[in-house]
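# Observations on chain architecture
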Amino acid sequence: MDQRSGQKRAVDYLYPGIDPFDQRVIEVGEGHRVFVEQCGNPQGVPVLVLHGGPGGGCSPAMRRYFDPAHYRVVLFDQRGCGRSRPHASVDDNTTWHLVRDIELIRQSLGIDRFILFGGSWGATLALIYAITHPDRVAAMVLRGVFLMTKSELDWFYGGGAGAFYPELWQRFLAPIPADEQFDLLAAYHRRLFSGHLGDETRAARAWAGWENALASVQGDGAAGDGPAEYARAFARLENHYFVNAGFLDGDGWILRNLPRIAHLPAIIVQGRFDMICPPKSAWTLAQGLPKARLHMIPMAGHALSEPGISEALVRAMNQLRDG
């Protein structure tokens, strides 16, 4: 309990920390090695955790949203990030490689169907995997929905969110000359892939700093610099995916293909004041999935660590447990 505010923190809603019962590295092809871990009940209901970014990687806190007596929780670091190798590599690293990797993980672990649990880019990847392999998905729990559309990218990298945080937006613009600021995805791409480690790291810190500063509704913009290695992988992979529009066949691909997963139960948890992935996407998704339930969390932003978000996600997984 936070004695100063009298309000619960996000960790107060989570299950106690646990250690994995299995950790392994799977060779997925093209020289990529993907780190996978399992925790909870080895005979439990399988859940696949899909982290954000792209490039974010998994953390021990992500194990704690699930009743460990009931769920068999599978987490993996997607190509190029976290404990997967080669680090920060975008070679042979596309959405469709990740979908194939998930299938290889599922088969390697002897799992028939997953519950998919993902937020932000993790929600995007969950939807794409489900559309591609609907028979391998039992249900979805999604947070901070991102549908990989041009309008969403324009919002965050074209000045929409910057209208609410002009001082932070100016900090994001600062590394880019004025004559390149009309296309920030391309301008940052040139710097993140310049081949000069120092320049790439500086650009990566600015890229990651912009997103991190806006993640929480309680944030004051002073997110600080994270580890350089993490920032470089996060920024390079995210930018690589975004300049390529998620490697999808046309804008709005997910929405066009929702009929393929209309039969799947889905619980959607969305922060009302999410500046990174505005609520319109979650609402639109819920309208297109007849079996979806949308929970709009007041006074919450984008981050998994928001108290209201964490509480709703744990409750969602408990509801699936209890039928």
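Residues numbered from 1 in each chain as written. Predicted model: local features only at pLDDT ≥ 70, side-chain atom pairs only at ≥ 80, totals over all residues. Heavy atoms only, no water.

## A closer look at the overall build of the protein chain
When its secondary structure is counted, the protein chain shows 10 helices and eight strands. Taken over C-alpha atoms, the radius of gyration comes to 19 Å for the protein chain, in line with the 20 Å a tight globule of 323 residues would show. Projected onto its principal axes, the C-alpha positions of the protein chain cover 55 × 50 × 40 Å. Across the 323 residues in the protein chain, those meeting the buried criterion constitute 54%. Relative to all contacts within the protein chain whose residues are 6 or more apart in sequence, the contacts with residues 24 or more apart total 73%. On the protein chain, roughly 13,500 Å² of surface is accessible, and the fraction owed to carbon and sulfur atoms is 52%. (Helix = DSSP H or I, 4+ residues; strand = E, 2+ residues; numbered from the N terminus. Rg over C-alpha atoms; globule rule 2.2 N^0.38 Å. Buried < 20%, exposed > 50% of the residue type's maximum accessible area, 1.4 Å probe, protein only. Contact = heavy atoms within 4.5 Å. Areas by Shrake-Rupley, 256 points an atom, 1.4 Å probe, with all protein chains shown as cover.)

## Section: helix 1 (residues 95–108)
Helix length check: helix 1, at 14 residues, gives a terminal C-alpha distance of 20 Å against a target of 20 Å (1.5 Å per residue), a fit within 8%. Residues of helix 1 that are buried include every one of T95, H97, L98, V99, D101, I102, E103, I105 and R106, and no others. G110 sits one or two positions beyond helix 1 and adopts a positive phi of about 65°. (Expected span 1.5 Å × (residues − 1).)

## Some points on the state of the cysteines
By the definition in use, this model includes zero disulfides. C277 takes part in no disulfide bond, and the closest cysteine sulfur, belonging to C81, lies 17 Å away. (Disulfide = S-S within 2.5 Å.)

## A short note on helix 5 (residues 184–192)
Within helix 5, the full set of buried residues consists of L184, L185, A187, Y188, R191 and L192. Looking straight down helix 5, one finds its buried side chains confined to an arc of 165°; they lie on one side. Buried residues along helix 5 sit against helix 3 (150–157), helix 4 (166–173), helix 6 (197–213) and helix 7 (228–243). (Arc of directions from axis to C-beta.)

## Quick look at the pairing of strand 4 (residues 71–76)
The side chains of a regular strand alternate between both faces of the sheet. In terms of burial, strand 4 is a largely internal element, six of the six residues being buried. The alternating pattern of strand 4 places Y71, V73 and L75 on one face and R72, V74 and F76 on the opposite face, and all of these are buried. Taken together, the five bridges between strand 2 (residues 32–40) and strand 4 define a ladder with antiparallel strand orientation. Paired with Q38 across the bridge in strand 4 is V74. (Pairing = 2+ DSSP bridges.)

## Details of the nonpolar core
Formed by 78 residues in total, the largest nonpolar core has its most connected members in L116, M140, W207 and L214. In contact with L116, other than residues within four places in its own chain, are L48, L50, A126, Y129, A130, V137, A139, M140 and V141. One finds V141, I297, A316 and M317 within the second-largest nonpolar core, a separate group that totals 26 residues. (Core = buried A, V, L, I, M, F, W, Y, C linked by side-chain atoms within 4.5 Å.)

## Here's the deal with the packing of aromatic side chains
Applying the stated criterion to the full structure yields 20 aromatic pairs. Taken together, a centroid distance of 5.7 Å and an interplanar angle of 40° make the contact between W169 and F172 tilted. Of this pair, W169 and F172 both sit in helix 4, separated by three residues, roughly a single helical turn. As far as burial versus exposure is concerned, W169 and F172 are alike and both buried. Geometrically, the ring pair formed by Y188 and W207 is edge-to-face, given 5.5 Å between the ring centres and 65° between the ring planes. Here Y188 is found in helix 5, whereas its partner W207 is found in helix 6, with 19 residues between them in sequence. Here Y188 falls in the buried class, since its relative accessible area comes to 0%. Put simply, the rings of F146, F156, Y157, W169, F172, Y188, W207, W210 and F242 pair up and form one aromatic cluster. (Phe/Tyr/Trp six-rings, centres within 6.5 Å; stacked < 30°, edge-to-face > 60°.)

## Section: empty space enclosed by the protein
Applying the stated criterion across every chain yields a total of one cavity of 30 Å³ or more. Of the pockets and cavities examined, the largest cavity occupies roughly 110 Å³. As for the largest cavity, its lining consists of G53, S120, F146, E152, L153, F156, Y157, E211, E238, F242, I276 and C277. Broken down by element, the residue count for the lining of the largest cavity peaks at four residues, all from helix 3. Its residues placed into classes, the lining of the largest cavity shows seven nonpolar, two polar and three charged. (1 Å grid on protein atoms, 1.4 Å probe; cavity = no way out; pocket = protein on both sides within 12 Å on 5 of 7 lines; lining within 4 Å. Points joined across faces, edges and corners; volume = space filled by probe spheres on them. Nonpolar A, V, L, I, M, F, W, Y, C, P; charged D, E, K, R; others polar.)

## So, the sheet that holds strand 1 (residues 22–29)
Pairing is mixed across the open sheet formed by eight strands, whose spatial order is 1-2-4-3-5-6-7-8. With one partner strand each, in any of the chains shown, strand 1 and strand 8 (292–297) form the two edges of the open sheet. Direction aside, neighbouring strands of the sheet carry axes that sit 20° apart on average. When strand 7 (residues 266–271) meets strand 8, the two strands line up parallel, connected through six bridges. (Axes fitted to C-alpha atoms, helices over the stretch in contact; angles between N-to-C directions.)

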